[in-house]
Amino acid sequence: MWSWLHSFASAPIFFRRIQYLLPALSVLLLPILAYGLIGGLYLAPADYQQGDAFRIIYVHVPSAFLSMSLYMLLATLSFIGLVWHIKLCFMLAKSTAMVGAWLTFLALVTGAIWGKPMWGTWWIWDARLTSELLLLFLYMGYLALHNALPDKQKADKISSVLALIGVVNIPIIHYSVVWWNTLHQGATMTRLDRPAIEASMRDPLLAMIVAFFLLAGIMILLNTRNEILRREKKAAWVKQWLMSKASCKRG
Amino acid sequence: MQTWLMMGGYAPYVWTAFGVVGVVLIGNMVVPYWQYRVLLQTLKKEII
């Protein structure tokens, strides 16, 4: 157990793990994504109020869900990195911030495209939309701060502190539709009293959320792999790995 | 097929949303993969 956990702190072991995690995640992703897309775009019936425009939900909700989940992951990695001084956590955190920023961007863009035909406007300064925009700025702030500091160890620490402070925004986003009277609709999936969505519409949405998690995982690992190589390029294990790779090809 | 593509008159919105998401997600996998290939090439030249 401990040695398994410890392997997550070691860049060379994690690097090798990435090499077989990537194909495994991709194989897992394809059928789930296919079901989500076919179910969402074709099999699910049109909404009785919104018609076919509701189908934007199948990319909007997963993007928004991931934008918040990835922020929690970023904060957790930052916390572990700061407390136990694990370099690998900081490398994972930076990749998570990059992917998280893109998913927040997607949540905002798909929301705007959905808002135009349904609300009659691309954008409104209401609580949900504004707090989600703030989330994008937090991600961008993290990345900008990290890039601005030439000393990477210092950059890791300072941007991690920013990531931890920004956690305050996550419950604000989540409860914004409850606390304030907003144009954005309330929760659909996490309601306890009664389901607000029919199964033929819900199941593809759940599949898309799982697919987005897998996609985010793949994107984070792809970026982390580069980050490890960039930071560890002088390490002996990188040289050994490259040599063995080259000899494998020759043999 | 034709009626499906029309999306009940919401085609521009639905397909733009899915299109933007597709481009961003695929880009976020292709670009780091491409960077990885370049990185491997330069590291090989430096080390071996």
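Residues numbered from 1 in each chain as written. Chains lettered and ligands numbered in written order. Predicted model: local features only at pLDDT ≥ 70, side-chain atom pairs only at ≥ 80, totals over all residues. Heavy atoms only, no water.

Participant: Which parts of the structure should I look at to understand the overall build of chain B?
Facilitator: When its secondary structure is counted, chain B shows two helices and zero strands. Principal-axis analysis of the C-alpha atoms places the extent of chain B at approximately 60 × 15 × 10 Å. Relative to its 48 residues, chain B shows a buried fraction of 31%. (Helix = DSSP H or I, 4+ residues; strand = E, 2+ residues; numbered from the N terminus. Buried < 20%, exposed > 50% of the residue type's maximum accessible area, 1.4 Å probe, protein only.)

Participant: Looking at this structure, how should I read the layout of surface pockets?
Facilitator: Sizing a probe to match a water molecule and rolling it over the atoms shows the empty space that remains. All names here are of chain A. Reported here for the largest pocket is a volume of approximately 900 Å³. Residue lining of the largest pocket: 37 residues in total, with His60, Val61, Ala64, Arg128 and His184 positioned closest to the centre. Sorting the residues of the lining of the largest pocket by element identifies helix H3 (57–84), helix H4 (87–119), helix H5 (127–148), helix H7 (169–179) and helix H8 (199–232) as the ones contributing at least two each. Tallying contributions element by element places H4 first for the lining of the largest pocket, with eight residues. (1 Å grid on protein atoms, 1.4 Å probe; cavity = no way out; pocket = protein on both sides within 12 Å on 5 of 7 lines; lining within 4 Å. Points joined across faces, edges and corners; volume = space filled by probe spheres on them.)

Participant: How should I be thinking about the packing of H3 of chain A against H7 of chain A in this particular structure?
Facilitator: Any two packed helices are characterised by the angle at which their axes cross and by the distance between the axes. Residue and element names in this part refer to chain A. Interaxial distance between H3 and H7 falls to 10 Å at its minimum, and their mutual angle equals 160°. Between H3 and H7, the angle is such that the two are roughly antiparallel. The crossing of H3 and H7 is left-handed. Residues Met68, Tyr71 and Met72 of H3 form the contact with H7, whose own contacting residues are Ile170, Ile173 and His174. Counted by class, the contact of H3 with H7 contains five nonpolar, one polar and no charged residues. (Axes fitted to C-alpha atoms, helices over the stretch in contact; angles between N-to-C directions. Parallel < 35°, antiparallel > 145°, perpendicular 65-115°, else oblique. Left-handed = near helix turned anticlockwise from the far one by under 90°. Contact = heavy atoms within 4.5 Å. Nonpolar A, V, L, I, M, F, W, Y, C, P; charged D, E, K, R; others polar.)

Participant: Would you mind showing me how to read the nonpolar core here?
Facilitator: Note that soluble globular proteins tend to have their nonpolar side chains buried in a common cluster. Grouped together as the largest cluster of nonpolar side chains are 79 residues, with contacts concentrated most on Tyr58, Leu103, Phe212, Ile228 and Leu229 of chain A. Listed by contribution, the elements that provide at least two residues to this core are helix H2 (11–43), H3, H4, H5, H7, H8 and helix H9 (236–250) of chain A together with helix H2 (11–47) of chain B. Among the elements that take part in this core, H8 of chain A stands out by supplying 16 residues, more than any other. Ignoring sequence-local partners within four residues, the contact set of Tyr58 of chain A consists of Gly40, Ala44, Met201, Pro204, Leu205 and Met208 of chain A together with Phe18 of chain B. (Core = buried A, V, L, I, M, F, W, Y, C linked by side-chain atoms within 4.5 Å.)

Participant: What am I meant to see in the packing of aromatic side chains here?
Facilitator: Centre distance and the angle of the planes are the two values used to describe a pair of aromatic rings. Under the definition given, this model contains 13 aromatic pairs over all chains. Relative to Trp241 of chain A, the ring of Phe15 of chain A has its centre 4.8 Å away and its plane inclined at 85°; by these criteria the two rings are edge-to-face. With Phe15 of chain A in helix H2 and Trp241 of chain A in helix H9, the pair connects residues that are 226 residues apart, well separated along the chain. This pair shows no difference in class: Phe15 of chain A is buried, exactly as Trp241 of chain A is. Each ring, one from Tyr42 of chain A and one from Trp4 of chain B, has its centre 6.2 Å from the other, and the planes form 75°; the classification is edge-to-face. In this pair, Tyr42 of chain A sits in helix H2 while Trp4 of chain B sits in helix H1 (residues 2–6), so the two residues belong to two different chains. Assessed through its relative accessible area of 55%, Tyr42 of chain A is described here as exposed. Exposure remark for Trp4 of chain B: the relative accessible area of 26% places this residue in the partly exposed category. Put simply, the rings of Tyr42 of chain A together with Trp4, Trp15 and Phe18 of chain B pair up and form one aromatic cluster. Of note, Arg225 of chain A hangs over the ring of Tyr36 of chain B, and the distance from its end group to the ring centre comes to 3.4 Å. (Phe/Tyr/Trp six-rings, centres within 6.5 Å; stacked < 30°, edge-to-face > 60°. Lys NZ or Arg CZ within 6 Å of the ring centre and 35° of its normal.)

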